[in-house]
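Structural features, examined
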Amino acid sequence: MSVLVPRRPWWVQTLGLGLVFTAYGAFLLGTDDDLDLSLTQALLSGLLVGVVAGLAGSRGARREDARFREVTAGLSRHAARTADRASRRGPVPTDPRVRVAAVRLLDGRRAATSAQLVVGALAFTLATGCAVLLALNDTPWWWLGAVGFGAAAVAWCFEPARLRRRRARLTDDPVAA
């Protein structure tokens with residue numbers, strides 16, 4: 001593993017996503033009275049859900065990691081971390097090289113978000129609807145999923161505008177907003 005990557009590597013992001021879905025899936029399956037699963041069966045079923053979710057998220061995480069390495073190739077670890085942070089939030093860097101790297105990271109994120117905007121919004125909205133139906137018909141614990149997926153759907157729809165505002169701030173270009 002390269003020391004250049006200041007944030008979590010793609011495989012750690014994938015593992016984290018898988019563990020969250022494993023715990024949530026095991027909890028929901030274990031508390032479902034209709035299924036009557038043992039703790040081991042619920043954990044194994046939740047693990048299957050987590051593996052699928054982790055694999056689904058790994059492709060995007062690997063692409064983002066490769067883009068990060070390409071953009072920050074000539075920067076120190078501290079400068080790469082600063083560029084990554086600046087592309088997401090926080091103060092605008094004063095070093096022109098770091099600022100350019102932050103803008104390039106942000107542009108890559110904007111391109112990926114624009115390409116997936118409709119599909120992502122539909123997927124999160126569909127997941128919200130499914131979780132609501134399951135909460136109404138199965139167990140109220142599905143409301144946790146409905147809230148999470150609903151929040152993700154709303155955030156996903158506002159992401160392009162947030163990225164435009166961030167780019168305008170990084171480039172000092174009020175027209176880009």
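The structure reproduced in this document is the subject of the present report.

Reading guide: rules and limits
Residues numbered from 1 in each chain as written. Predicted model: local features only at pLDDT ≥ 70, side-chain atom pairs only at ≥ 80, totals over all residues. Heavy atoms only, no water. Core = buried A, V, L, I, M, F, W, Y, C linked by side-chain atoms within 4.5 Å. Buried < 20%, exposed > 50% of the residue type's maximum accessible area, 1.4 Å probe, protein only. Helix = DSSP H or I, 4+ residues; strand = E, 2+ residues; numbered from the N terminus. Contact = heavy atoms within 4.5 Å. Axes fitted to C-alpha atoms, helices over the stretch in contact; angles between N-to-C directions. Parallel < 35°, antiparallel > 145°, perpendicular 65-115°, else oblique. Left-handed = near helix turned anticlockwise from the far one by under 90°. Patch = residues over 30% accessible without salt bridge, like charges linked within 9 Å, V, L, I, M, F, W, Y side chains within 5 Å. Areas by Shrake-Rupley, 256 points an atom, 1.4 Å probe, with all protein chains shown as cover. Salt bridge = Lys/Arg side-chain N within 4 Å of Asp/Glu carboxyl O. Polar contact = N/O pair within 3.5 Å; in protein donor to acceptor, adjacent residues only side chain to side chain. Disulfide = S-S within 2.5 Å.

This part takes up the nonpolar core. Ranked by internal contacts, the top residues of the largest apolar core, which has 15 residues, are Ala83, Ala101, Ala102, Leu105 and Leu170. When residues of this core are traced back to their parent elements, those giving at least two are α2 (39–71), α3 (77–88), α4 (96–137) and α5 (142–171). Of all the elements, α4 adds the most residues to this core, at 6 residues. For Leu170, the residues in contact, after removing those within four places along its chain, are Ala86, Ser87, Val92, Pro93, Arg99, Ala102, Val103 and Leu106. By size, the runner-up hydrophobic cluster in this structure holds 5 residues, among which are Ala131, Ala135, Trp142 and Ala146.

As a packed pair, helix α1 (residues 10–31) and α2 sit with axes 6 Å apart at the nearest point and diverge in direction by 155 degrees. For the element pair α1 / α2, the angle class is roughly antiparallel. Once α1 is placed against α2, the crossing between them reads as right-handed.

A word on the environment of Leu29. Positionally, Leu29 belongs in helix α1. Judged by its relative accessible area of 23%, Leu29 falls in the partly exposed class. C-alpha separation for the pair Leu29 and Leu39, spaced 10 residues apart in sequence, amounts to 9.3 Å. Ignoring sequence-local partners within four residues, the contact set of Leu29 consists of Leu35, Leu37, Ala42, Ser45 and Gly46.

So, about a nonpolar patch on the surface. On the surface, a nonpolar cluster with roughly 390 Å² of combined accessible area is contributed by Leu44, Leu47, Val51 and Leu55. Within the secondary structure, Leu47 is located in helix α2. Using a relative accessible area of 44% as the deciding quantity, one classes Leu47 as partly exposed.

Turning next to the side chain of Ser58. Looking at the element boundaries, Ser58 is found in helix α2. Among the polar contacts made by the side chain of Ser58, one reaches the main-chain carbonyl oxygen of Leu55 at a distance of 3.0 Å. Beyond its immediate stretch of four places on either side in the chain, Ser58 contacts Trp10 and Thr14.

Tallied over the entire structure, the rule returns 0 disulfides. For Cys130, which is in no disulfide, the shortest distance to another cysteine sulfur is to Cys157 and amounts to 17 Å. On the accessibility criterion, Cys130 (40% relative accessible area) is partly exposed.

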